[in-house]
Amino acid sequence: MLNIWGVMLFIRMTWIVGHAGIGLTIAIILMASVVTTITGLSTSAIATNGFVRGGGAYYLISRSLGPEFGGSIGLIFAFANAVAVAMYVVGFAETVVEMLNDVDALMTDELNDIRIVGTLTVILLLGISVAGMEWEAKAQIVLLVILLAAIANYFIGSFMSMESKDPKGFFGYNSAILLENFGPDFRDEETFFSVFAIFFPAATGILAGANISGDLTDPQSAIPKGTLLAILITGITYIAVAISAGSCIVRDATGDQNDTVSDTVNCTDAACTLGYDFSICKEGGCQFGLMNDFQVMSLVSGFGPLISAGIFSATLSSALASLVSAPKVFQALCKDNIYPGLGMFAKGYGKNNEPLRGYVLTFFIGLAFILIAELNIIAPIISNFFLASYALINFSVFHASLANSPGWRPSFKYYNMWVSLAGAVLCVVVMFVINWWAALVTLLIVLALYIYVSYHKPDVNWGSSTQALIYNQALTHCMNLTGVEDHIKNFRPQCLVMTGYPNSRPALIQLVNSFTKNVGLMVCAHVRTVTRRPNLKELSQEHVRCQRWLNKKRIKAFYTHVFADNLRHGAQFLMQAVGLGRLKPNTLVMGFKNNWSDGDMREVEIYINTIHDAFDLQFGVAILRLQDGLDISHIPGQDELVSSHEKPPVESKEMVVTVSLSKDPEFDCPSKITSNQSSPLITIDSKSPLSLTDQRLLENSQQFKKKQGKGTIDVWWLFDDGGLTLLIPFLLTNRNKWGDCRIRVFIGGKINRIDHDRRAMATLLSRFRIDFSDIHVLGDINTKPKKHSKLSFKELIEPYRLKEDDMEQEAAERQKAQEPWRITDNELELYRAKSNRQIRLNELLKEHSSMAKLIVMSMPLARKGTVSSALYMCWLETLSKELPPLLLVRGNHQSVLTFYS
């Protein structure tokens, strides 16, 4: 209560009654009480929803709404408390200067004397704060006794009217004075809300208990009781003082005993009825009465010096409390590292971890406002800051209740979410009514700080109501989506990307992220094979690290892994199980198996069958090929998945890198984990130079991360797969990185119909609303490939032929059963035309698209069970070799583009 009473009670209360009158003063008190009571209820609810540490409003808001709102209001609240130091000190200085003026002992003039006394006082308070505050709790009791005695002294004195006090405007209780002072008499451009702005800081002490929450024995019990009792007792006291002062003191008085009513004077005010003529005050210059004398309560009281003692005790204790609380709030904010540049103020000193640096900062802020030396200017400034804090506290309770999180269960039950929302709205409205431009500036500051924290995303997790509400909304929207049938207009590629560890194939992730970000779902999938029972705890930690890596790289994707015998089984599990309702992948994205010819052909069989399984499950398929490969996991020191505190010491030559221990590093099958290794921690020489091959691989793996510049995305649309081959390039060109690229479309056709086919394709693309720069009709697509190209293909397939003519039929059948990827002579003859087509397409690709930024091409299909895996792999190899980045795409033949809006 000491923080609520004091300056306003003894210095400004009579001034407020003089301007607003008794009626509006009571309205002001009740209005402030409503705001503070609602905020007190909200504060009590938050404070009883778990253990409360130091940090005041910052701690309450940040742990409820999250670091964005908490970090924003933390700075503002700490600053408001620092300015409050100035308000209390200026109130103290005004009293001292008034006393000096009474004995004609001013040093310069009143304004500069307030600055001098205020500066000396805040220096003294800083010394006390730095020296230690162990005595403060006991001193507060003594100060409270003095304050209560001063209040009692005033009320006793109000019944002791004396003729010597009449010229100064105090006549004792009188109905004429009551009636005259009941209505307002605003002067000097004051209004109801300007007076309210000056009074409202008297109510800011309701957070005094929360500000010292870290020092309370039982904050969950003390904060609700102390806050609500303080509001009740002080509200009653303020109303009593307002009625009392307005009933026994006139607004203006000259202080001259000779200004009595004469026969020639015609006046009707309350003073006239009591025998005094103060009409000269209408011209200004009077120094007594409610309007003019800030020390009028000393005049009314039975013993004037006791009022001064009450002012000194209240103002100094409040200033000291603010000088202590502001650095502690600031220190709590800095400890959470919300604003990295302010970390120096988190350091504490001594056994009590005192924020000495924060004290110095608060001192300079307070001193700057003390030099203003006008209480009526300082009070409205901090009103906006405190109202912003109250608004967010109330909104925190509403938000937490709305989120309906099981973790929101405060032991204080006397609150209501809608009342809290009304309190938040009321605080914002009052901010704008008091001073619209100051309120706007305050909200802009909060917004700017909020955006800053949101952008930098501090690595904290406090289980805020924001997280709970996001979960509720996500769950609700997912459920709503399940009740709506899919429509072609709402199709979006939702990709299951076979990345392995997410940092193993950055080019694959970055390209897919380019066309799925904010458009569709992206899941980075990792199929893992193990030779022993997996350590589930380590796997859980690894999952967290992988997801954290994606978040750090600002890749909007999920990471998931499964255990399976091989890639095919794992992909089957993923394609069937990954997703929730409509948020389910519809496109399988894989890396091309560059070194397939050097590995075990059983792995090729698994790879090709995985593609077939995707089509069987109605998935589209996309395969990305870079000529140097995609997998960089064998290169040391690249984007470790572990956080800094998990890394081994620098002096050891161990670093955590993502590696694939399978025979084929380009294969999406995961690492083989040995009995003594469950995560990819290996020992390497971190200083060993990279080979030229690895350097080129590393450079190319980042090519989709940078802006592509001017160039083309060449779309070779050779089959109607539903439009996925066209949709992906369109989505890419809508991104900043690909915005300068233009789409060129290549289609097959006949030489004598090139113009007709071009116009028909242009019309089709226009109806699809897809911008393009050019359309090329390939009239020579069906001509025979060059001889040397055919010879190269023949050499490629030679190791995988069955050559049944060179063995008995039974032996040939037995070998085919054991090695189903083998290419039979009959199969080779049956698909000779299709083989020649892949050879010819590669020639055309080199001729037309060798300078493209990206080639997106319809992927050839192979009949499952008829075309062997080796032959299909040879087709893909022949088609895609020696080219720029190539994305082979095949939709599931369900339309993804529509003519209609």
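Our subject is the structure that appears above.
Cut-off values and rules
Residues numbered from 1 in each chain as written. Predicted model: local features only at pLDDT ≥ 70, side-chain atom pairs only at ≥ 80, totals over all residues. Heavy atoms only, no water. Helix = DSSP H or I, 4+ residues; strand = E, 2+ residues; numbered from the N terminus. Buried < 20%, exposed > 50% of the residue type's maximum accessible area, 1.4 Å probe, protein only. Contact = heavy atoms within 4.5 Å. Core = buried A, V, L, I, M, F, W, Y, C linked by side-chain atoms within 4.5 Å. Expected span 1.5 Å × (residues − 1). Arc of directions from axis to C-beta. Salt bridge = Lys/Arg side-chain N within 4 Å of Asp/Glu carboxyl O. Phe/Tyr/Trp six-rings, centres within 6.5 Å; stacked < 30°, edge-to-face > 60°. Lys NZ or Arg CZ within 6 Å of the ring centre and 35° of its normal.

### Some details on the environment of Ala-403
- You can see Ala-403 is positioned in helix H14 (residues 375-403).
- Of the residues examined, Ala-403 reaches a relative accessible area of 1% and is grouped as buried.
- Linking Ala-403 and Ile-470, residues 67 residues apart in sequence, is a C-alpha distance of 8.1 Å.
- Setting aside anything within four residues of it in sequence, one finds Ala-403 in contact with Ser-465, Ala-468, Leu-469 and Asn-472.

### Section: the nonpolar core
- Counting 104 residues, the largest nonpolar core has Met-13, Ile-28, Phe-199, Ile-249 and Leu-387 as its most contacted members.
- By residue number, the principal contributor to this core is helix H3 (residues 67-102), which donates 17 residues.

### Remarks on helix H24 (residues 754-768)
- Over its 15 residues, H24 runs 21 Å from end to end, which matches the ideal 21 Å to within 8%, given 1.5 Å per residue.
- By the burial criterion, the buried members of H24 are Asp-757, Met-761, Leu-765 and Phe-768. Projected onto a plane normal to the axis of H24, the buried residues spread over an arc of 65° and lie on a single side.
- Residues of H24 that are buried in the fold lie against helix H23 (724-733), strand S10 (741-748) and strand S11 (774-778).

### Let's talk about the pattern of salt bridges
- Per the counting criterion, the structure on display carries 23 salt bridges.
- Overlapping salt bridges bring together Arg-568, Asp-613, Asp-616 and Lys-864 as one network.

### Details of the packing of aromatic side chains
- Within the structure shown, the criterion is met by 23 aromatic pairs.
- Judged by centre distance (5.5 Å) and plane angle (55°), the rings of Phe-398 and Trp-418 are tilted. Linking Phe-398 in helix H14 with Trp-418 in helix H15 (residues 417-434), this pair joins segments that are 20 residues apart in sequence.
- Given the relative accessible area of 53%, Trp-418 is considered exposed.
- Residues Phe-412 and Tyr-414 carry aromatic rings whose centres are separated by 5.6 Å and whose planes lie at 75° to one another, so their mutual orientation is edge-to-face.
- The class of Phe-412 is buried, set by a relative accessible area of 11%.
- Accessibility expressed as a relative area gives 65% for Tyr-414, which makes it exposed.
- Aromatic ring contacts, followed pair by pair, group Phe-77, Phe-386 and Tyr-390 into a single cluster.
- Across the ring face of Phe-719, the terminal group of Arg-890 is positioned such that the distance to the ring centre comes to 4.5 Å.

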